[in-house]
Amino acid sequence: GNGIDPLEVIATYGADALRFTLVVGGTPGGDTRFSDDKVRSSRNFANKLWNAARFVMMNLPEGFTPGLPNTAALELSDKWALSVYNEMVKEVTENLDRFEFGLAAQKVYDYIWDTLCDWLIEIVKTRTAGDDAQSADTGLRVLVWLFSGCLKLLHPFMPFITEEIYRALPGRAETIMTTAWPLYAASHAFAKEQAEFTEVINLTRAVRSVRA
């Protein structure tokens, strides 16, 4: 009675949730203490991905062609999200090269949850609801590009949900497994804008804290 049947866990929370939990919770040379709460948290992360995908698909105009806009069209929040993603890609790739799978998975998780979902999607919501069509188009293009890249980074850890969502995105390949791994790009390093928007985030959080 002291064993855990993975098929029962998968039936309750899903294969990706169990897989991600084991990757993030494992440390080289150490034992992993299993917890339903940890798997439930990973399942909630999968739900977060679904909700992000639904927002993207519901807001794409008919005939949308994916691709990053020119740098001149990027707004402060766009450059911030791209720059943070760029750093994350470099760090995750280095972690994988050193077989630090838990660290790599955690960094992808943090970017998707905090940067992409909690901030960028909320900003794009405002832009798509506004009257500036170019700003809305730029925001959507950046969001789709980043979301697609995040799915590729997350695919080794959560292969099923990433494949399913990727196949629904515009401009996709036949399968996410044959796409190129994201690479660090010097053209997406916006240190100044990243620092400026980070100050905006810190100020916003401080105001929310005071109000609470």
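Keep in mind it's a predicted model, so treat the numbers as computed, not measured.

Trainee: Just give me the short version of the environment of Ala-17, but keep the residues and values in it.
Mentor: Topologically, Ala-17 is positioned in helix 2 (residues 15-25). Separated by 25 residues in sequence, Ala-17 and Ser-42 place their C-alpha atoms 4.9 Å apart. Other than its neighbours up to four places away in sequence, Ala-17 contacts Val-39, Ser-42, Arg-43 and Met-158.

Trainee: Outline the pattern of salt bridges, supporting the account with residue identities and numerical values.
Mentor: Evaluated as defined, the whole model comprises 11 salt bridges. A salt bridge links Asp-37 to Arg-40; the shortest N-O distance between them is 2.6 Å. Of the two residues, Asp-37 and Arg-40 both sit in helix 3 (residues 36-59), 3 residues apart, roughly one turn of that helix. Across the pair Arg-141 and Asp-137 runs a salt bridge, and its minimum N-O distance is 2.9 Å.

Trainee: Just give me the short version of the nonpolar core, but keep the residues and values in it.
Mentor: Membership of the largest hydrophobic core comes to 52 residues, with the highest contact counts inside it found for Tyr-111, Leu-146, Phe-147 and Leu-154. Where this core is concerned, the elements lending two or more residues are helix 3, helix 4 (76-97), helix 5 (101-129), helix 6 (133-154), helix 7 (159-166) and helix 8 (191-211). If one sorts the elements of this core by residue count, helix 5 sits on top with 13 residues. Not counting chain neighbours up to four residues away, the residues in contact with Leu-146 comprise Ala-81, Leu-82, Tyr-85, Tyr-111, Leu-116 and Leu-120.

Trainee: Quick rundown of the packing of aromatic side chains? Include the residues and the values.
Mentor: Each aromatic ring pair is specified by the distance between its two centres and by the angle formed by the two planes. As enumerated under the stated definition, the model contains 9 aromatic pairs in all. A centroid spacing of 5.5 Å and a plane angle of 35 degrees characterise the contact between Phe-20 and Phe-45, whose relative ring orientation is tilted. Taken together, the positions of Phe-20 in helix 2 and Phe-45 in helix 3 put the pair 25 residues apart, joining distant regions of the chain. Considered together, Phe-20 and Phe-45 belong to a single accessibility category, that of buried residues. With 5.7 Å between their ring centres and 20 degrees between their planes, Tyr-109 and Trp-113 make a pair best called stacked. Here the residue Tyr-109 and the residue Trp-113 both occupy positions in helix 5, the gap between them amounting to 4 residues, near one helical turn.

Trainee: Got a sec to walk through the packing of helix 2 against helix 3? Specific residues and values, please.
Mentor: Look at helix 2 against helix 3: their axes get within 8 Å of each other, and the N-to-C directions meet at 120 degrees. One element, helix 2, and the other, helix 3, form an angle in the oblique class. By crossing handedness, the relation of helix 2 to helix 3 is classed as right-handed. Only Lys-38, Val-39, Ser-42, Arg-43 and Phe-45 of helix 3 make contact with helix 2, whose side of the interface consists of Ala-17, Leu-18, Phe-20 and Thr-21. A class-by-class count of the residues in the contact of helix 2 with helix 3 yields 5 nonpolar, 2 polar and 2 charged.

Trainee: I'd love a proper account of the side chain of Thr-138, names of residues and values included.
Mentor: Residue placement: Thr-138 occurs in helix 6. Given the relative accessible area of 3%, Thr-138 is considered buried. In contact with Thr-138, other than residues within four places in its own chain, are Pro-69, Ala-73, Leu-74, Asp-78 and Arg-127.

Trainee: Describe in detail the state of the cysteines, supporting the description with residues and values.
Mentor: Scanning the entire structure with this criterion turns up 0 disulfides. The thiol sulfur of Cys-117 is not disulfide-bonded, and the nearest other cysteine sulfur, from Cys-150, lies at 8.6 Å.

The rules behind the values
- Residues numbered from 1 in each chain as written.
- Predicted model: local features only at pLDDT ≥ 70, side-chain atom pairs only at ≥ 80, totals over all residues.
- Heavy atoms only, no water.
- Helix = DSSP H or I, 4+ residues; strand = E, 2+ residues; numbered from the N terminus.
- Contact = heavy atoms within 4.5 Å.
- Salt bridge = Lys/Arg side-chain N within 4 Å of Asp/Glu carboxyl O.
- Core = buried A, V, L, I, M, F, W, Y, C linked by side-chain atoms within 4.5 Å.
- Buried < 20%, exposed > 50% of the residue type's maximum accessible area, 1.4 Å probe, protein only.
- Phe/Tyr/Trp six-rings, centres within 6.5 Å; stacked < 30°, edge-to-face > 60°.
- Axes fitted to C-alpha atoms, helices over the stretch in contact; angles between N-to-C directions.
- Parallel < 35°, antiparallel > 145°, perpendicular 65-115°, else oblique.
- Left-handed = near helix turned anticlockwise from the far one by under 90°.
- Nonpolar A, V, L, I, M, F, W, Y, C, P; charged D, E, K, R; others polar.
- Disulfide = S-S within 2.5 Å.

Interpretation in functional terms is not warranted from these geometric data alone.
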